[in-house]
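Residue-level listing of the chains:
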Amino acid sequence: MNAPTVKEPEPKTSGPGRLEKVPTGIQGLDEITRGGLPRGRTTLICGGPGCGKTLMALEFLVHGATRFGEPGAFITFEETAGELATNGASLGFDLAALEADRKLAIDYVRIERSEIEESGEYDLEGLFIRIGFAIDSIGARRVAIDTLEVLFAGLPNPGILRTELRRLFRWLKEKGLTAIVTAERGDNGLTRHGFEEYISDCVITLDHRVSDQISTRRLRVLKYRGSVHDTDEVPFLIDEGGLSVLPISSLGLDHQALTSRVSTGIPDLDAMLGGGGFYRGGTVLVSGGAGSGKTSLAATFARRACREGKRCLFFTFEESSSQVVRNMRSIGIDLAPLMEQDLLRFHASRPSTGGLEVHLARMHRLVADFEPEVVIIDPMTNLLTVGTASELRSMLTRVIDFFKDRQVTALLTSLTAATLPSQETSDTHISWLVDTWILVREIESDGERNRGLYILKSRGMAHSNQVREFRLTDQGIELIDVYLGTDGVLVGAAREARMIRDEAEAREREYEAQQRQRRMVQRRAAVRAQIDALTAELEAEEEELRRAAEREHNSEGGKARDEARMAASRWVDQSFADDNQGRTVQP
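The text that follows walks through the structure, step by step, so that each part is easy to find. (Residues numbered from 1 in each chain as written. Predicted model: local features only at pLDDT ≥ 70, side-chain atom pairs only at ≥ 80, totals over all residues. Heavy atoms only, no water.)

Regarding the environment of Gly92
Along the chain, the position of Gly92 falls in the loop between α3 (81–89) and α4 (95–100). We classify Gly92 as exposed; its relative accessible area is 64%. (Helix = DSSP H or I, 4+ residues; strand = E, 2+ residues; numbered from the N terminus. Buried < 20%, exposed > 50% of the residue type's maximum accessible area, 1.4 Å probe, protein only.)

Digging into the pairing of strand β15 (residues 312–316)
Burial within β15 is extensive, with 5 of its 5 residues counted as buried. Burial along β15 is two-sided: Cys312, Phe314 and Thr316 facing one way and Leu313 and Phe315 facing the other are all buried. One ladder, built from 5 bridges, connects β15 with strand β16 (residues 344–348); its direction is parallel. In the strand pairing of β16, Thr316 is matched with Ala348. Pairing analysis gives 5 bridges linking β15 to strand β17 (residues 374–378), with the strands arranged parallel. (Pairing = 2+ DSSP bridges.)

A word on the side chain of Glu319
Structurally, the position occupied by Glu319 is in the loop between β15 and α11 (321–329). This buried residue, Glu319, is left without a salt bridge; Arg326 holds the nearest opposite charge, at 5.9 Å. At 2.7 Å, the side chain of Glu319 forms a polar contact with the side chain of Asn327. (Lys, Arg positive; Asp, Glu negative; His and termini not counted. Salt bridge = Lys/Arg side-chain N within 4 Å of Asp/Glu carboxyl O. Polar contact = N/O pair within 3.5 Å; in protein donor to acceptor, adjacent residues only side chain to side chain.)

Some remarks on the sheet that holds strand β3 (residues 42–47)
Ordered in space as β5-β4-β6-β7-β3-β8-β9-β10-β11, the 9 strands form an open sheet in which the pairing is mixed. On the outer flanks of this sheet lie β5 (104–108) and β11 (242–245), each paired with one strand and no other. Ignoring which end each strand starts from, the neighbouring axes of this sheet average 20° apart. As defined by bridge partners, strand β9 (residues 214–224) adjoins strand β10 (residues 234–239) across 3 bridges and the pair is classed as antiparallel. Each residue of the ladder has a partner; that of Arg217, found in β10, is Phe236. In the packing of helix α13 (residues 356–370) onto the sheet, the strands contacted are β9 and β10, and the crossing angle to β10 comes to about 65°. (Axes fitted to C-alpha atoms, helices over the stretch in contact; angles between N-to-C directions. Contact = heavy atoms within 4.5 Å.)

Some details on helix α10 (residues 294–307)
Taking 1.5 Å per residue as the helical rise, α10 with its 14 residues ought to reach 20 Å, and the 20 Å between its terminal C-alpha atoms agrees with that figure. With 12 of 14 residues buried, α10 lies mostly within the body of the structure. Those residues of α10 that fall on the buried side of the exposure criterion are Lys294, Thr295, Ser296, Leu297, Ala298, Ala299, Thr300, Phe301, Ala302, Arg303, Ala305 and Cys306. Looking one or two residues past α10, Gly309 carries a phi angle of roughly 90°, positive in sign. (Expected span 1.5 Å × (residues − 1).)

Concerning the packing of aromatic side chains
Across all of its chains, the model carries 4 aromatic pairs by this definition. Note on Phe128 and Trp171: the rings are 5.0 Å apart at their centroids and 5° apart in plane angle, and the pair reads as stacked. Of this pair, Phe128 sits in helix α5 (residues 125–138) while Trp171 sits in helix α7 (residues 158–174); the two residues are 43 residues apart in sequence, bridging distant segments of the chain. Taken as a pair, Phe128 and Trp171 share a single burial class, namely buried. Just above the ring of Tyr224 sits the side chain of Lys21; from NZ or CZ to the centre is 4.7 Å. Note that Arg261 overlies the ring of Tyr279, its terminal NZ or CZ placed 4.7 Å from the centroid. (Phe/Tyr/Trp six-rings, centres within 6.5 Å; stacked < 30°, edge-to-face > 60°. Lys NZ or Arg CZ within 6 Å of the ring centre and 35° of its normal.)

Some points on a negative patch on the surface
Residues Glu537, Glu539, Glu541 and Glu542 make up a contiguous surface patch of negative charge. In this fold, Glu537 is placed in helix α15 (residues 492–554). (Patch = residues over 30% accessible without salt bridge, like charges linked within 9 Å, V, L, I, M, F, W, Y side chains within 5 Å. Areas by Shrake-Rupley, 256 points an atom, 1.4 Å probe, with all protein chains shown as cover. Charge placed at Lys NZ, Arg CZ, Asp CG, Glu CD.)

Digging into the state of the cysteines
In the structure shown here, the tally under the stated rule is 0 disulfides. Between Cys312, a free cysteine, and Cys306, which holds the nearest cysteine sulfur, the sulfur-to-sulfur gap is 5.0 Å. For Cys312, a relative accessible area of 0% corresponds to the buried category. (Disulfide = S-S within 2.5 Å.)

Points about the pattern of salt bridges
For the structure shown, the criterion picks out 22 salt bridges. Among the salt bridges present, the one from Arg209 reaches Glu233, with a minimum N-O distance of 2.8 Å. Residue Arg209 is located in strand β8 (residues 202–211), and its partner Glu233 is located in the loop between β9 and β10; the two are separated by 24 residues in the primary sequence. According to the relative accessible area criterion, Arg209 is partly exposed, its value standing at 30%. Between Arg345 and Asp342 there is a salt bridge whose closest N-O contact spans 3.0 Å. A cluster of three or more residues bridged by salt bridges with shared partners is formed by Glu20, Arg39, Glu70 and Arg142.

Considering the side chain of Arg468
Structurally, Arg468 can be placed in strand β21 (residues 468–473). Relative accessible area serves as the criterion here: at 10%, Arg468 is assigned to the buried category. Among the polar contacts listed, one links the side chain of Arg468 to the backbone oxygen of Leu479, at a separation of 3.4 Å.

Rendered as structure tokens:
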């Protein structure tokens, strides 16, 4: 058994000899930066068009103003204050209100390249004055400058660019401002000019790529002076809630393992799992081929959980919610009343509605909103259409750990391809992530295809190793003991035929036993009759002897002999007595 993994403590963000950090408030970003961005220093955010540079800078200021009590100034060279306010409103940011409350200052600096003429010594003193005024007007602690390319677009001299950029970064640092500066990705380098990343204390790269017509965004902390940080590329998402970074490296294994159980909704399956069902807060994988009954198992589990008062969130990537409800009625499972009571919620969507990051963020948001105790994902393998198996494993690792942290019991269904060499393999290879793995498979014999169910593994509990026949009836799911014959497992018509044959053989054996019993009773009666006859014959002979003795006794000769015997007996007795007396009187 492996030793338990101990989560490493988070590094301190302040203290003697440590770099103080400023939390961004952006979900996931503070985790991979181990606390946020460097306080009083400049962070460079670079990337191509549409990757989210402006949004990250804006959200950094909004969270600082609303959550951390740090007003911010946004210096923009591309969009006006009105355009920024409109864009921010789509993400739920009320920039106008923040400006009215003097928590945010937006200064649009209009720079036209045709109006720029390089003559004599060039500097940014005018810009410093405008930034300083915006800062002083609200007492800003955070600053965002978007973007550098517009500011230096008309300056072909790289020497002047480097000098003035150093002056800008130094000026921001001397002011004690935590700054974000955005820059466009260059054709042959990280940035357009190729030196911004060298003078920045922290560099974050954003990427927006398209693969198989599915767009995904990636973020990487390329550089962070004075601090450890995650260096892997991680996905992030932009939706109506803003920007969300989804790091796998931030997930730990310190969630609590519960001992209470939740029923599967099938008593026989509960018995196979040690009598109690699944562990609460665990993850269950149900895999099998098409039409094997995976969704039916999931719906049965959902119905039982809802009947016990637990909330269930059902993600389906194959059918609409009404189609699932209709199909389950055919096996006696009515989910509509549970939906009316708001104990069961469906979220039906095609995988192609977004990349894996979109689906992951959506799951996070819906779970946080509904707060279910049970979550079902059916089938998770459909998500392979928008990502590779490796990407899906990464996504499922995040979502499973998220469920475990919230003590949510999750049931995932997986379609097993017929081309796999063994059905004891999932397309996504996530069996190592789950706590219980149930396999539903087709068993073909005698011209029939029937279903069989067995438990491949169930951590922390004794579980059955038997194969059970799995049937969908009008009254729900039924598990039947299979027959083991010389040809293997017997199910369906073969099982019924074997049962009929066994019943006939049993009746034949019972009839033979009754016949043997009847013959035994008859033989016992015959023997008893013989014994009675011999006993009667013996008694007759004894009676004859007794009567003969009586006749002899009653005759004359018999009486004389009796008197002679009695006289002889008296003489013998007297002689014996005299003899004893004579021996006694002698001296």
